[in-house]
Amino acid sequence: MPEPHFDHSYARLGNQFYSEQPLVPVHHPELLLWNTALASKLDWPGDPRSDRELLLALAGNNYLPDSKPISTVYAGHQFGQYNPQLGDGRAILLGEWITRSENRFDIQLKGSGPTPYSRGGDGRSPIGPVIREYLVSEAMHALGVPTSRALAAISSGETVVRNRIEPGAILTRVASSHLRIGTVQYFAMTRGGEGLVELVDYALNRHFSKRKITGQQPIVENLSSSGNNAGSFTIGCERSDPTAAEILLKAVGESLADLVSRWQLLGFVHGVLNTDNALLCGETIDYGPCAFMDQFDAKACFSSIDRQGRYAWPNQPGIMHWNLAVLAECLIPLIDEKTETAKSIAQSIVDRFPNQFHQHHQERLAAKFGLDRISDQDLALIQKFHDLMNKHQLDFTLSFRWLAEEANQTIDHSPLPEIFNTPDALLDWSALWKARRAENKGDTKTITQAMLSVNPAVIPRNHLVQAAIDLAESGDINFLRSSTERWRKPFDWQEKDSEWARSPSTEEKVTRTFCGT
Ligand code: AMP
Ligand code: MG
């Protein structure tokens, strides 16, 4: 079995894809968090808790063996406006880490210093965004959502100047890759198609096919165990010989439809769903102003810069559809020689997205309600539940968990009676819902039990994430550590869960989030 090591297949595509990037050391790095579970999944050889050299490497102070740091170029529509060149402005790709079983993961340092794409920024990150990304991305993984992950968080011992002077930090981010819709846009739109063929072949091979990258092993695993891995991916191709671009577009559309349906059903608001923040591999990326809704809010929107609510919770499926259309536009020249044929193929793939989303959403919604399926007659029942959450200002997560505990008759073994008030109207509704569940076909016991594994007991609530950040800023990382531990098992009840699970008080409630870059 080969030893795990770094490879650089993306850099081999050619120097128009990246810039070589010398590391920029920081003053006095100290470890905040180390993800032992992820390290073991990656077959990572060292542990920065005992290995100072490794800690220094993850701070960007020295080079890991075989790593060849680069920053990559991309473009993107930001709030609907095309920006012809963005790129890793505060991130450095150390390389692609190949595990013993030959799975390939990008290892990136985020907040590690300026690059040619920093556009006047300092390339650094305050500790707050690093902690937010670590906590929320790892919680998303535990919740079963495909996502980039966090291997380490390190304080830099330096300060960064934003609205105030803040301590700096660096995140080690791991993703199946950092190829974005915006990466395709850069080569299609900004560079007029130069490098596009190579990029499309590369992305397809790396994520959606068992074909080999020249001289490399097949790359089949995504980071999330429940995620889209190429091994189980079905690419329905009507044409007998579809082009790589056509297959890629279909595959990305399918992954993103699945992804956004998972967000919706957790009440997760990404907050900055620009095309450069949509990964081709279908993992969630960019935990900037993201937040989970506490109290149900059909228009939930937290980001301070999203004044029009473009990226509000209800708009996410539509925005992802829009992002897919941008990808389609980029790929048209490669889909078919005849532009009209290419356009019509691209259009038909893009047009499938709403239905793909709907199917994932209905299936997962049925599981959350303990229903075998959702028929047209069930829609009124489901709408009524949402109306009740709205009218009685109920907590989104706890309302669904209440369903799971109610169906399994386990409420008294949970902290719910202490932290969740059940309005009479909800009890009345639940009689109708129980009658409907009695009509379930199939293994009703399994359907009922499964509700406990799709309706989480705890989520990384904004006020708790904020508390972890505030304490860490003042040098106390105990709560940060216990948060990472608690959110690893979101579907089980644990001790002290009345605190972890409850919704925030009015004073605790976080209603605005910031990119914090
Ligand atoms: P984001 O909104 O986080 O996706 O960032 C948008 C763009 O701004 C990306 O190209 C980032 O790399 C860049 N950027 C964000 N923060 C910084 C920073 N502190 N220094 C340099 N570039 C940054
Ligand atoms: Mg981004």
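Residues numbered from 1 in each chain as written. Chains lettered and ligands numbered in written order. Predicted model: local features only at pLDDT ≥ 70, side-chain atom pairs only at ≥ 80, totals over all residues. Heavy atoms only, no water.

Caption draft 1: View of the site of ligand 1. The environment of ligand 1 is formed by 18 residues, the closest being Gly87, Gly89, Arg90, Gly123 and Asp286. Between an oxygen atom of ligand 1 and a main-chain N or O atom of Gly89, the distance comes to 2.7 Å. Within the side chain of Asp286, a nitrogen or oxygen atom sits 2.7 Å from an oxygen atom of ligand 1. For ligand 1, whose free accessible area comes to 480 Å², the fraction covered by protein is 88%. Among the residues making up the shell around ligand 1, the classes are represented as two nonpolar, eight polar and eight charged. (Near = heavy atom within 4 Å. Polar contact = N/O pair within 3.5 Å; in protein donor to acceptor, adjacent residues only side chain to side chain. Areas by Shrake-Rupley, 256 points an atom, 1.4 Å probe, with all protein chains shown as cover. Nonpolar A, V, L, I, M, F, W, Y, C, P; charged D, E, K, R; others polar.)

Caption draft 2: Looking closely at unusual backbone geometry. Located in the positive-phi region is Arg119, a residue other than glycine, with phi close to 45°. Mapped onto the fold, Arg119 is located in the loop between β8 (104-110) and α3 (127-142). The backbone phi angle of Lys496 is positive, close to 60°, even though this residue is not glycine. Among the residues examined, Lys496 registers a relative accessible area of 65% and is labelled exposed. (Helix = DSSP H or I, 4+ residues; strand = E, 2+ residues; numbered from the N terminus. Buried < 20%, exposed > 50% of the residue type's maximum accessible area, 1.4 Å probe, protein only.)

Caption draft 3: Structural detail: the environment of Tyr202. The residue Tyr202 is located in helix α5 (residues 196-207) in this model. Taking the C-alpha atoms as reference, Tyr202 lies 37 Å from Glu30; in sequence the two are 172 residues apart. Within the structure, Tyr202 has its side chain in polar contact with the side chain of Ser9 (distance 2.7 Å).

Caption draft 4: Layout of helix α7 (residues 316-335). The terminal C-alpha atoms of α7, which comprises 20 residues, lie 27 Å apart, in line with the 28 Å expected from a rise of 1.5 Å per residue. At Glu329, α7 is bent by approximately 35°, the largest bend along its length, and proline Pro333 sits one to four residues beyond. (Expected span 1.5 Å × (residues − 1). Bend = angle between axes of the 7 residues up to and from the residue.)

Caption draft 5: Representation of the coordination of the magnesium ion (ligand 2). The coordination sphere of the magnesium ion (ligand 2), as far as protein atoms go, consists of Asn277 (OD1) and Asp286 (OD), spread over 2.2 Å. Across the pair, Asp286 and Asn277 agree in class, each one buried. (Donors = N, O, S within 2.8 Å, 3.2 Å for Na, K, Ca; no water.)

Caption draft 6: Highlighting the pairing of strand β7 (residues 91-98). With respect to burial, β7 is a largely interior element, eight of its eight residues being buried. Examined bridge by bridge, strand β1 (residues 5-7) and β7 share three bridges and lie antiparallel to one another. Residue pairing in the sheet places Asp7 in a bridge with Glu96 of β7. The pairing of β7 with β8 spans seven bridges and is classified as antiparallel. Residue Glu96 lies in a different strand from β8, and its bridge partner there is Asp106. Between β7 and β8, which pair antiparallel in sequence order, lie five residues; one of them, Glu102, sits at a positive phi of approximately 65°. (Pairing = 2+ DSSP bridges.)

Caption draft 7: How the structure looks around the environment of Glu96. Its place among the elements puts Glu96 in strand β7. Once the C-alpha coordinates of Glu96 and Val272 are considered, the two residues, 176 residues apart in sequence, prove to be 26 Å apart. The contacts of Glu96, once residues within four sequence positions are left out, are His5, Phe6, Asp7, His8, Ser9, Tyr10, Arg104, Phe105, Asp106, Tyr202 and Arg206. A distance of 2.9 Å separates a polar side-chain atom of Glu96 from the backbone nitrogen of Tyr10. (Contact = heavy atoms within 4.5 Å.)

Caption draft 8: Geometry of the packing of aromatic side chains. The final tally for this structure, using the stated rule, is 24 aromatic pairs. Aromatic pair Phe6 and Trp44: ring centres 6.4 Å apart, planes at 80°, arrangement edge-to-face. Here the residue Phe6 occupies a position in strand β1, and Trp44 occupies one in the loop between α1 (36-41) and α2 (52-58), the gap between them amounting to 38 residues. Under the relative-accessibility criterion, Phe6 is labelled buried at 5%. The exposure class of Trp44 is buried, given its relative accessible area of 9%. Measuring from centroid to centroid gives 6.5 Å for Trp402 and Phe420, while their planes differ by 45°, and the two rings are tilted. (Phe/Tyr/Trp six-rings, centres within 6.5 Å; stacked < 30°, edge-to-face > 60°.)

Caption draft 9: Spotlight on helix α4 (residues 181-190). Counting buried positions over the ten residues of α4 gives eight, a clear majority of the element. All buried positions along α4 are accounted for by Ile181, Gly182, Thr183, Val184, Gln185, Tyr186, Phe187 and Ala188. For α4, the elements touching its buried residues are β5 (76-78), β6 (81-83), α5, α6 (244-266) and α7. At the C-terminal side of α4, Gly192 shows a positive phi close to 60°.

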